[in-house]
Every structure is written in structure tokens, then in C-alpha cells.
Amino acid sequence: MANQPYPHVFQPISIGPMKVKNRVAMSPMASNTSDANGFVTQQGIDYYEARARGGAGLIIMEVNCIRAPQGRSGPIRYNIDDDKYIPGLTKLAEAVHKHGAKLVVQLQHSGAQSICRSVNGEAPVTPSVVQVSGADTRALTISEIHELAEEWAKAAVRAKKAGADGVEVHGATNYLLAEFQSSYWNKRTDEYGGDIKNRGRFLVEVLQAIKSAVGANFPFWPRFNVREFGPTAGVTEDEGKVLAQMVEAAGAHAIDASTFGGGTYGRVPPMGVPKGN
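Described in the following lines is the structure provided in the data block. Not measured: the values here are computed from a predicted model. (Residues numbered from 1 in each chain as written. Predicted model: local features only at pLDDT ≥ 70, side-chain atom pairs only at ≥ 80, totals over all residues. Heavy atoms only, no water.)

Another aspect to go through is the packing of helix 4 (residues 142–161) against helix 7 (residues 201–214). As a packed pair, helix 4 and helix 7 sit with axes 8 Å apart at the nearest point and diverge in direction by 40 degrees. Taken together, helix 4 and helix 7 sit at an angle that is classed as oblique. The interaxial crossing formed by helix 4 with helix 7 has right-handed handedness. Every residue of helix 7 that contacts helix 4 at I145, H146, L148, A149, E150, W152, A153, A156, V157 and K160 is listed here: F202, E205, V206, A209, I210, A213 and V214. A class-by-class count of the residues in the contact of helix 4 with helix 7 yields 13 nonpolar, one polar and three charged. (Axes fitted to C-alpha atoms, helices over the stretch in contact; angles between N-to-C directions. Helix = DSSP H or I, 4+ residues; strand = E, 2+ residues; numbered from the N terminus. Parallel < 35°, antiparallel > 145°, perpendicular 65-115°, else oblique. Left-handed = near helix turned anticlockwise from the far one by under 90°. Contact = heavy atoms within 4.5 Å. Nonpolar A, V, L, I, M, F, W, Y, C, P; charged D, E, K, R; others polar.)

A large share of strand 11 (residues 166–171) lies buried, amounting to six of its six residues. Here strand 11 shows two buried faces, one formed by G166, E168 and H170 and the other by V167, V169 and G171. Bridge count for strand 6 (residues 102–108) against strand 11 is four bridges, and the pairing is parallel. Note on strand 11: the bridge partner recorded for V105 is V167. (Buried < 20%, exposed > 50% of the residue type's maximum accessible area, 1.4 Å probe, protein only. Pairing = 2+ DSSP bridges.)

The step from A68 to P69 runs through a cis peptide bond, and the omega angle for that step is 0 degrees. Within the element layout of this structure, P69 appears in the loop between strand 4 (58–65) and strand 5 (78–79). For N32, which is not glycine, the phi torsion reads 55 degrees and is therefore positive. Position of N32 among the secondary structure elements: in the loop between strand 3 (25–26) and helix 1 (42–53). Here N32 falls in the partly exposed class, since its relative accessible area comes to 45%. Despite not being glycine, S133 shows a phi value in the positive range, around 55 degrees. Judged by its relative accessible area of 80%, S133 is exposed.

Attention shifts here to the environment of L92. When you line up the elements, L92 lands in helix 2 (residues 86–97). Judged by its relative accessible area of 0%, L92 is buried. The spacing of L92 and A164 is 72 residues in sequence and 8.9 Å in space, taken between C-alpha atoms. Contact partners of L92, with chain neighbours within four places excluded, come to V40, G44, I45, Y48, M61 and L103.

Inspection of the secondary structure puts R188 in the loop between helix 5 (176–181) and helix 6 (196–199). The exposure class assigned to R188 is buried, which follows from its relative accessible area of 11%. The spacing of R188 and R72 is 116 residues in sequence and 24 Å in space, taken between C-alpha atoms. Each residue touching R188, except ones within four places of it in the same chain, is listed here: P127, S128, L140, T141, I142, I145, F180, G193 and G194.

Now for the nonpolar core. With 65 residues, the main nonpolar core has L107, W152, F202 and I210 as its most contacted residues. Each residue touching F202, except ones within four places of it in the same chain, is listed here: I145, L148, A149, W152, L176, L177, F180 and Y192. (Core = buried A, V, L, I, M, F, W, Y, C linked by side-chain atoms within 4.5 Å.)

In total, this model carries six aromatic pairs according to the counting rule given. Taking 4.5 Å as the distance between ring centres and 40 degrees as the angle between the ring planes, the aromatic pair formed by F39 and Y85 counts as tilted. One end of the pair, F39, is in the loop between strand 3 and helix 1; the other, Y85, is in the loop between strand 5 and helix 2, with 46 residues separating them in the sequence. By relative accessible area, F39 is classed as partly exposed at 26%. (Phe/Tyr/Trp six-rings, centres within 6.5 Å; stacked < 30°, edge-to-face > 60°.)

Laid out in C-alpha cells, this is it:
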């Protein structure tokens, strides 16, 4: 249409080796459609298929936990830390693909935001010991950091086996990888603490592990905070630019740029609600 105000929205685009039919992307949002054990349900399949049927070219599925319950952020969240979750993800991918959309699975460890203490009494893991809800977290050891990078890679392999078209590493908001990148959370004095290159090292190692595991022709990229605001700010705009260069050098096919301000954000109503209401 000659008068279409956004002529490129419905044009194809390539993200690395993945070709997407248009530039309409569904962002990852918690839908509470898994079961209590982290498996895909028919409700979840229907939810994502409806978005694909509606015309979205790219659907980024909400968080899939790479190590449960340690990294799980809620009681109703998807898991991807075992091959037993592959069949359900396969059905979900097939439902999305029926409508020509691409499915990217978001991989996550929630760090300090984990519910593990209420599940099994385990302290949430973080870059450094901090107080969360009146109790101390536990700082990850270097060997545990390396193990988790491999867990991310194994999760990416499971997503690939399930027929997903790519993976997104959740390194944003205030989850584990974001905590490592943030000087507010990260007080380490080893190679994972200090300047932004050290604080971003964990994210880069996760991306490198994924690339090694899935190969160069399977799209992967991170979501991370390019700037943080408010009382928990720990990433500056300049540091965000450095992080972007680091993940590009690690082979990421795209960047999902985010911002975060703990204690400074509110609820945003749907678009249908009139302004000021």
C-alpha cells in the first residue's frame, strides 16, 4: 500500500541465518501456562499458536529455567534442564511453525530472584553475598560459574532438538547474568568482578558455550541491560556499549537491548486504556 506509514514492518528480515517473514516480534512475557513441574501444557501451546496465527513473524518464548529449582523465578515457569522437556517444546514449536512464524526460546537463571529457598531451603546464588528478603544469598564459585555456562549450552541444544529456531539468553532485568554485569550486585575481586569487561565475562562465556554446542547456523543472542536506573543502578550507558561490543565479538546474531531500574518502574496499562486513566 502506497500510504502505509511503516512500509518495512511486513517485509522479511534475516537475523543471522534465520529468515523471518516480517518484523513483528512477540517479546518474552510470563504467561503462567506451564504446569507446576515446568512442562509445556496444551494451554501454553494454544497461547503461542494464537500469536503465530495472528501474524507475528518472530515469537520469543518466555523464560525456560536452565537449572531448577535453583534458577526458577516462580512456581509456574517452564523448565529446560532435562531432556524430558523436549517433547512438549517440540509440540509448541510445531504449532508456531504451522503459521510461518519462528520460535526462539529464552533461557534463564533467576539468581537472587529464585524461589529455591521456599522449595528446598537452598540459598539463591548470586555473584556476591547479599541480603534478599532478610536472608543471605550464596556467592557462586568459579567452578560453579563454568558449570552453569555449560548448563546454558545444554539447554540450547535441547531447544534446537525440539525444533526451535534459536535461543535468547536472558541476561537482563535483575536475574543472574544481569547481577554479574551490575556493579550494584557484583562485588567480586576475581576475574568475574571489577570493570565491565570482567563483570560481562560470564555472559560472554555463556554465549561462547552455546555457539560451541549448537554450531554457527543456529541463531542465538542475549538480552541484557544496556543501562540501569534508580537505587539499584549498576550498568552505565557507556558500559552498555562495551557489553554490546563484547557479545558481538562472541558471535551473537543480534542484541535484545533492555533497561532496568529496580524500585523505579510501575505497571503500564494495555494500549486500549485511554491516556491518563
